[in-house]
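Single-letter residue listing:
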Amino acid sequence: MATLIDGKKVAEEVLAECAQEIAELKEQGITPGLAVVLVGEDPASQVYVNSKARKCAELGIHSEKIVLSKEATQAEVLETVKRLNTDPAIHGILVQSPPPPQINEEEIVRAIDPAKDVDGFHPENVAKLALEDASGFVPCTPAGCMRLIKAAGVETSGAEAVVVGRSMIVGKPMALLLMARGSDATVTVAHSRTRDLAEVCRRADILVAAVGIPEFIRADFVKKGATVIDVGINRVEDATAKRGYRLCGDVAYDEVAEKAGSITPVPGGVGPMTIAMLMKNTIKAARAAKA
Ligand code: NAD
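What you see is a predicted model; the values in this text were computed from it and never measured.

Trainee: Tell me what's going on with the site of the ligand, and back it up with residues and numbers.
Mentor: Close to the ligand lie 22 residues; R166, S167, H191, V231 and T274 are nearest. Residue H191 places a main-chain N or O atom 3.5 Å away from a nitrogen atom belonging to the ligand. Within the backbone of V231, a nitrogen or oxygen atom sits 3.4 Å from a nitrogen atom of the ligand. Calculation on the ligand without its partners gives an accessible area of 850 Å², and the protein chains cover 72% of this total. Looking at side-chain class alone, the shell around the ligand contains ten nonpolar, ten polar and two charged residues.

Quick look at the structure:
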């Protein structure tokens, strides 16, 4: 039976580091500030935005939640971003995804000051990640996955890593982090056009699933003893659940846990890490603004 990689516990450790760093910054008269912009009323987005604001409050990070109507225009969102770019109390800005269809998300991301882009989605930060330039911001979810892999004591150097999914938010940056100097894994990125996916996945000492399909990774995709990181957060209908749905990952947990060496649960795995790494990035932005 696999060892559980406890994301909640590791996230608590990261947040304790954050609290320490915030106390140090406050002694110097600096309060890190995060602005979260939400366009529209997507229920999942509201949950994410509220939990980010709550975490900021717990840590003593100043936070601003800016809610624009679902009819907001591109110009209005750009105007909001521009205002936040010049607001000295705000060190980090993020625009919650996905926005309504009239909004060109790419243009919004490019309008964010790269020094305040705590999501790490601006092209300048994407380039810095590829260049292994540590002054950039690494996207929070893959940064959280790396921290979990390290916390689990998994050797990445020379390991075969397979990342399933090639999104700019998870799969691609995850692959860059695993192959970077210091991590030194041999990385394969699989996606919807990959041939013999199960066979490719079975090579992995470290398997990262970021697909967005509930319980897609089955036991026969997994090499015995592998480390399995499940990024997926999927809502599946469940009449027995209070809310009418339950959350599940991209990995068929029960059967994969029989075979893997270690595995992250959903919920309580990658999810709590993402928000903890967002707090880290906001502190990093505040520190850099001071310098
Ligand atoms: P996405 O839809 O942008 O990308 C999914 C990727 O999976 C694509 O690159 C696609 O090529 C690949 N894919 C789709 N079908 C496939 C198939 N049949 N075989 C192989 N590959 C396939 O999704 P994303 O934004 O990367 O998110 C992935 C999952 O992670 C979702 O469940 C999302 O909710 C979750 N997520 C979780 C967090 C977190 O904090 N834990 C953060 C971001 C995303």
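Trainee: How would you explain the environment of L176 if you had to name every residue and give the values?
Mentor: Relative to the elements of secondary structure, L176 occurs in helix α7 (residues 171–179). C-alpha separation for the pair L176 and A115, spaced 61 residues apart in sequence, amounts to 21 Å. Not counting the four nearest positions on each side in its chain, L176 is found in contact with L129 and A130.

Trainee: So what about the environment of K224? Which residues, and what values?
Mentor: Inspection of the secondary structure assignment puts K224 in the loop between β7 (206–209) and β8 (227–230). Sequence separation of K224 and A252 is 28 residues, and the distance between their C-alpha atoms is 15 Å.

Trainee: Explain the packing of aromatic side chains to me, using residue names and the numbers behind them.
Mentor: Applying the stated criterion across every chain, the model contains one aromatic pair. On the basis of an interplanar angle of 70 degrees and a centroid distance of 6.0 Å, the ring pair of F216 and F221 is categorised as edge-to-face. Since its relative accessible area comes to 27%, F216 is described here as partly exposed. Over the face of the ring belonging to F137 we find K284, whose NZ or CZ atom lies 5.7 Å from the ring centre.

Trainee: With reference to specific residues and values, describe the nonpolar core.
Mentor: Formed by 51 residues in total, the largest nonpolar core has its most connected members in L178 and M279. Going through the elements one at a time, α1 (7–27), β2 (33–39), α2 (43–59), α6 (140–151), β5 (160–164), α7, β7 and α10 (270–290) are the ones with two or more residues in this core. Here this core gets ten residues from one element, more than from any other, and that element is α10. The contacts of L178, once residues within four sequence positions are left out, are M146, I149, A161, V163, S183, D184, A185, V187 and V208. Among the nonpolar cores identified, the runner-up in size contains 21 residues, and A209, V222, A226 and A257 belong to it.

Trainee: Can you lay out α2 for me, pointing to particular residues and giving the numbers?
Mentor: Every α-helix winds through 3.6 residues per turn, so residues three or four apart in the chain are directed the same way. With 17 residues, α2 extends 25 Å between its outermost C-alpha atoms, agreeing within 8% with the 24 Å of an ideal straight helix rising 1.5 Å per residue. Residues of α2 that are buried: S45, V49, S51, K52, K55, C56 and L59. Mapping the buried residues of α2 onto a view down its axis gives an arc of 160 degrees, with all of them on the same face. Facing away from the buried side of α2 by over 90 degrees, the exposed positions are P43, V47, A57 and E58. Looking at the buried positions of α2, the neighbouring elements they touch are α1, β2, β3 (62–68), β4 (92–95) and α10. Where α2 ends, the next residue or the one after it, G60, has phi of about 85 degrees, a positive value.

Trainee: An account of the sheet that holds β2 is needed here, citing residue identities and associated values.
Mentor: Here we have three strands laid out as an open sheet, ordered β3-β2-β4, and parallel in their pairing. Every interior strand has two partners, whereas the edge strands, β3 and β4, have only one. Between one strand and the next, the sheet's axes are offset by a mean angle of 15 degrees, whatever the strand orientation. Looking at chain direction, β2 and β4 are connected through four bridges and run parallel. Residue V37 lies in a different strand from β4, and its bridge partner there is V95.

Trainee: Account for the pattern of salt bridges, naming residues and giving values.
Mentor: Per the stated rule, a full pass over the model turns up twelve salt bridges. Among the salt bridges present, the one from K280 reaches E21, with a minimum N-O distance of 2.9 Å. Of the two residues, K280 is situated in helix α10 and E21 in helix α1; the sequence distance between them amounts to 259 residues. With its nearest N and O atoms 3.2 Å apart, the salt bridge here joins E21 to R287. Residue E21 is found in helix α1, and its partner R287 is found in helix α10; the two are separated by 266 residues along the sequence. In this structure E21 comes out as buried when scored by relative accessible area, which is 18%.

Trainee: Pulling in residues and values, what's your account of the sheet that holds β8?
Mentor: By way of backbone hydrogen bonds, the strands of a sheet pair with one another, either parallel or antiparallel. Here six strands make up an open sheet; going across it, the order is β1-β11-β8-β7-β5-β6 and the pairing parallel. Since the sheet does not close on itself, it has two edges, and those belong to β1 (3–4) and β6 (186–190), each with one partner. Where β1 lies against strand β11 (residues 262–263), two bridges are found, and the strand directions are parallel. Counterpart to T3 in the pairing with β11 is S262.

Conventions used here
Here the residue index of a chain counts from 1 through its sequence in written order. Only residues with pLDDT of 70 or above have their local features reported here, since the model is predicted, and side-chain atom pairs are shown and tallied only from 80 upward, although totals for entire chains, interfaces and linings are computed over all residues. For the side-chain quantities, the full set of heavy atoms in the structure was used; hydrogens and water were omitted. Throughout, near means a residue has at least one heavy atom within 4 Å of the molecule or strand. Side-chain atoms alone can form a polar contact between residues adjacent in sequence; in general such a contact is a pair of N or O atoms within 3.5 Å, and within protein one must be able to donate a hydrogen while the other accepts it. Surface accessibility follows the Shrake-Rupley procedure with a 1.4 Å probe radius. Residue values consider only the protein chains on display as shielding. In this classification, Asp, Glu, Lys and Arg are treated as charged, Ala, Val, Leu, Ile, Met, Phe, Trp, Tyr, Cys and Pro as nonpolar, and every other residue, Gly included, as polar. Secondary structure is summarised from DSSP: a helix means a run of H or I of at least four residues, a strand means a run of E of at least two, and numbering begins at the N terminus for each. For this analysis, residues touch if any pair of their heavy atoms sits within 4.5 Å. To pair, rings of Phe, Tyr and Trp, with the six-membered ring standing in for Trp, must have centres within 6.5 Å; the planes then decide the type, stacked if under 30 degrees apart, edge-to-face if over 60, and tilted in the middle. Buried residues are those whose accessible area, probed at 1.4 Å on protein chains only, stays under 20% of the maximum for their type, while exposed residues exceed 50% and partly exposed ones sit between those limits. Think of it as a cone above the ring: NZ of Lys or CZ of Arg counts as a charge over the ring if it is within 6 Å of the ring centre and within 35 degrees of the ring normal. Side-chain atoms within 4.5 Å are what join buried Ala, Val, Leu, Ile, Met, Phe, Trp, Tyr and Cys residues into a set we call a nonpolar core. Each residue after the first adds 1.5 Å to the expected span of a helix. As used here, the arc belongs to the directions running from the helix axis to the C-beta atoms. Note on pairing: two strands pair once DSSP finds at least 2 bridges between them. Convention adopted: a line fitted to C-alpha atoms gives each axis, helices being fitted over their contacting stretch, and angles between N-to-C directions are expressed from 0 to 180 degrees. Criterion for a salt bridge: a side-chain nitrogen of Lys or Arg within 4 Å of a carboxyl oxygen of Asp or Glu.

These values are about where atoms sit, not about what they do.
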